[in-house]
Amino acid sequence: MPDPAVPPTPPVALSALLAREDLGLRQIAGPKDTNTVIHWAHTSEMADPYPYLLGGELLLSAGVHVPEAVGSGTYFDDYVSRIVAAGGAALGFGLAPVHDTVPRALVEACDTYELPLLEVPPQTTFSGVARAVWQLMAQARHAELRRVTEAQQSLAAAASRPDPVRAVLRQLAQRVGGWAVLYGPEGAESASAGRAPDGHGQEAASAGRAAEATAAGRAAEATAAGRAAEIAAAGRAAEATAAGWAAEITAAGRKPGDVVRGALAGLAAVVRPSGPGTPTSATDTAAGTHLAAYALGAGQGFVLGVAAPHRDTGDHTIASVAAVLLSLLTGEHQSGSGAARSSALVRLLLGAEPEEVAPLLGSGGWLVVHGSPDAQPCDPVAAAALGAALGSPLVDLARDVVRVLVPADREPAPQPGWTLGVSAPATARDWPAADTQAARALSRARATRAPLHRHGTHRPALTDLLSPGEAEAHARALLAPLTPPLAETLRTWLSLHGSWDRTAVALAVHRNTVRQRVARCAALLGTDLDDPDVRMELWFALRHGER
């Protein structure tokens, strides 16, 4: 598992920094390993930099801390050993104004402790080196995001093909340059793709079981597939090891390919759900091959395994995308809910009423939830992730809002990064009204900056003493002069106690627009909206007019 002290940015190859001609850096000691990477640049003139390093730094120093009479003592050995002990990646020594050349004893110490030593010419400032590091990091981050985005798109497209399980595995293997395998609940290989550990390119095994895992429910996957990106970077990977498996197989004289297969199967057993505390993912290395296993979220015991000769930045994210897609596919196979949803959709398209098809989706009442992401764009990735968090696959992405149909027995909870509006429980016949309620609840949540707002939390009131029919007739007569946009503006403004700013936020309009609309309402109704009695009567009418 990555060290939490290391920032979530791609490291920079030391060789890339040395290749910058504008810096003029030159490595004069230490191993010339092309795999050496740095995570940041840090300047320090402390004689003992250990307490100030986190690991992975290019430490920059002009040698101000070096005593004048350092002589042939152990000063530089102690200095370099402390850098290495702190996890420093390399040392950059600046020429001028303190030292005209790099001290010979420092060069020897860096060779002894195998710490790359760079000579920084006088014309190159330390801030220039740090800026170059951040520029290279930004380029690497951009390349990683582009790679992950392209992989996500290709995996989502694969999930919508006629044989989605194999297609997703094939695309994953291609993206990570290795082997991808789906293990069934009993631990057997259900399907695989890519270059197998024994060195032969193949797409495997157990075609019947793979076909089973691809059955029903492919209608929603192309959209819900995107869910993976938000979960992909969640960081839930737990440390685990399959080293024992690899050691046993090696001791038995098996081939490296068998070692990798056995170790990966053992890693899959580690993450397969077996009770509380089971890790959701794990990584290991066997026979020089990087291994990873991901428990699929459907809870049916399926596990995704990945074996690759290299582990590049972004591989974990890409594999997590595939894991979520396969969770959807295998979950649909197990539950059969995808076929029921497809049947409900077909019946609606052929003219059936919502209350006729609702039993196919589940029994009991329903809640409509409207969700708006706080930061990220509202796309299929976010939509599917929200649906999964709320426990429902019935998700619709409508412009900048995600709508989710949730069984009434599942109480929606606030979700990090989302603002939610929840309707009152409704039957299928009342879904349109519940949709309106959820939209208004979302507006209220936005305006009050609450993570979640529920519509119509009921308690006994004076309105219960009135006939609903008479109340609705009065509301229609009173509000007749108002157009729907004006009525909605007035309702929102009253619900927010006459706050112009919060009403503007809730309606996503300028505050001056709110003022103009409310003034227009007052003129059309011929009343004083500053009068609390008038406000009470209008609020009563607006509440009953929306039913």
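All figures in this text were calculated on a predicted structure; none of them were measured in a lab.

Within strand β8 (residues 179-183), five of the five residues are buried, which leaves the element mostly enclosed by the surrounding structure. Side chains W179, V181 and Y183 of β8 all project onto a buried face; the interleaved residues A180 and L182 project onto the opposite face, where all are buried too. Relative to strand β9 (residues 189-194), β8 runs antiparallel, the two sharing five bridges. Considered in β9, the bridge of Y183 is made with E189. Where β8 hands over to β9, the hairpin turn is made up of five residues, of which G187 adopts a positive phi near 100°. As paired strands, β8 and strand β12 (residues 303-308) are joined by five bridges and run antiparallel to one another. The partner of Y183 across the bridge, within β12, is V303.

Bringing the packing of helix α18 (residues 500-507) against helix α19 (residues 511-525) into the picture now. Packing of α18 against α19 brings their axes to within 8 Å, and their N-to-C directions diverge by 100°. Judged on the interaxial angle alone, α19 and α18 are roughly perpendicular. Residues W500, D501, T503, A504 and L507 of α18 form the contact with α19, whose participating residues are R511, V514, R515, R517 and V518. Residue classes in the contact of α18 with α19 are distributed as five nonpolar, one polar and four charged.

The element strand β5 (residues 57-61) is extensively covered by neighbouring structure, given that five of its five residues are classed as buried. As defined by bridge partners, strand β4 (residues 40-43) adjoins β5 across four bridges and the pair is classed as parallel. Looking across to β5, one finds that T43 is bridged to L60. Strand direction decides the pairing type here: β5 and strand β6 (residues 90-94), joined by four bridges, are parallel. Within β6, the position partnered with S61 by the bridge is F93.

On to the sheet that holds strand β11 (residues 289-295). Spatially, five strands are ordered β9-β8-β12-β11-β10 in an open sheet, and the strand pairing comes out antiparallel. Because the sheet does not close on itself, it has two edges, and the strands there are β9 and β10 (281-286). The mean angle between the axes of side-by-side strands here comes to 15°, regardless of whether they run parallel or antiparallel. Each of β8, β9 and β12 is contacted by helix α5 (residues 164-176), which is oriented at about 45° to β9, the strand it contacts most.

A word on the nonpolar core. In terms of nonpolar packing, the biggest core is built from 30 residues, with L155, V168, L169, L172, L304 and L326 touching the most fellow members. Only α4 (126-159), α5, β8, β9, β11, β12 and α11 (315-335) provide two or more residues apiece to this core. A per-element tally of this core places α11 first, with eight residues.

Attention now goes to the pattern of salt bridges. Applying the stated criterion across every chain yields a total of 15 salt bridges. With its nearest N and O atoms 3.5 Å apart, the salt bridge here joins R104 to E108. Remark: E108 and R104 occur in helix α3 (residues 104-113); sequence separation between them is four residues, near one turn of the helix. Residue E108 is classed as partly exposed on the basis of its relative accessible area of 43%. The partner of E144 in a salt bridge is R141, and the shortest N-O contact between them spans 3.3 Å. Of this pair, E144 and R141 both sit in helix α4, three residues apart, which is roughly one turn of that helix. Among the residues examined, E144 registers a relative accessible area of 12% and is labelled buried. Assessed through its relative accessible area of 32%, R141 is described here as partly exposed.

The subject of this paragraph is the environment of G177. The topology assignment puts G177 in the loop between α5 and β8. For the pair formed by G177 and G194, sequence separation is 17 residues and the distance between their alpha carbons is 7.7 Å.

So, about the packing of aromatic side chains. Counted by the stated rule, this structure contains four aromatic pairs. Aromatic pair Y75 and Y79: ring centres 6.4 Å apart, planes at 5°, arrangement stacked. Of the two residues, Y75 and Y79 both sit in helix α2 (residues 75-85), four residues apart, roughly one turn of that helix. The exposure class of Y79 is buried, given its relative accessible area of 3%. Note on W366 and W431: the rings are 6.1 Å apart at their centroids and 90° apart in plane angle, and the pair reads as edge-to-face.

Topologically, S423 is positioned in the loop between β16 (418-422) and α15 (431-448). Residue S423 is classed as buried on the basis of its relative accessible area, which comes to 4%. A polar contact is formed between the side chain of S423 and the backbone nitrogen of V368, at a distance of 2.9 Å. Setting aside residues up to four positions removed in sequence, S423 forms contacts with L367, V368, A434, Q437, A438 and H455.

The strand order β14-β15-β13-β16-β17 describes an open sheet built from five strands, whose pairing is mixed. Every other strand in the sheet has two partners, leaving β14 (395-398) and β17 (452-454) as the edge strands with one partner each. Strand-to-strand twist of the sheet, defined as the mean angle between neighbouring strand axes without regard to direction, takes the value 20°. Of the pairings in the sheet, the one linking β16 to β17 comprises three bridges and is parallel in character. When the sheet's bridge partners are listed, L420 is paired in β17 with L452. Each of β13 (366-373), β15 (401-407), β16 and β17 touches α15; the most contacted strand, β13, lies at about 35° to it.

Each value, and the rule that gives it
Residues numbered from 1 in each chain as written. Predicted model: local features only at pLDDT ≥ 70, side-chain atom pairs only at ≥ 80, totals over all residues. Heavy atoms only, no water. Buried < 20%, exposed > 50% of the residue type's maximum accessible area, 1.4 Å probe, protein only. Helix = DSSP H or I, 4+ residues; strand = E, 2+ residues; numbered from the N terminus. Pairing = 2+ DSSP bridges. Axes fitted to C-alpha atoms, helices over the stretch in contact; angles between N-to-C directions. Parallel < 35°, antiparallel > 145°, perpendicular 65-115°, else oblique. Contact = heavy atoms within 4.5 Å. Nonpolar A, V, L, I, M, F, W, Y, C, P; charged D, E, K, R; others polar. Core = buried A, V, L, I, M, F, W, Y, C linked by side-chain atoms within 4.5 Å. Salt bridge = Lys/Arg side-chain N within 4 Å of Asp/Glu carboxyl O. Phe/Tyr/Trp six-rings, centres within 6.5 Å; stacked < 30°, edge-to-face > 60°. Polar contact = N/O pair within 3.5 Å; in protein donor to acceptor, adjacent residues only side chain to side chain.

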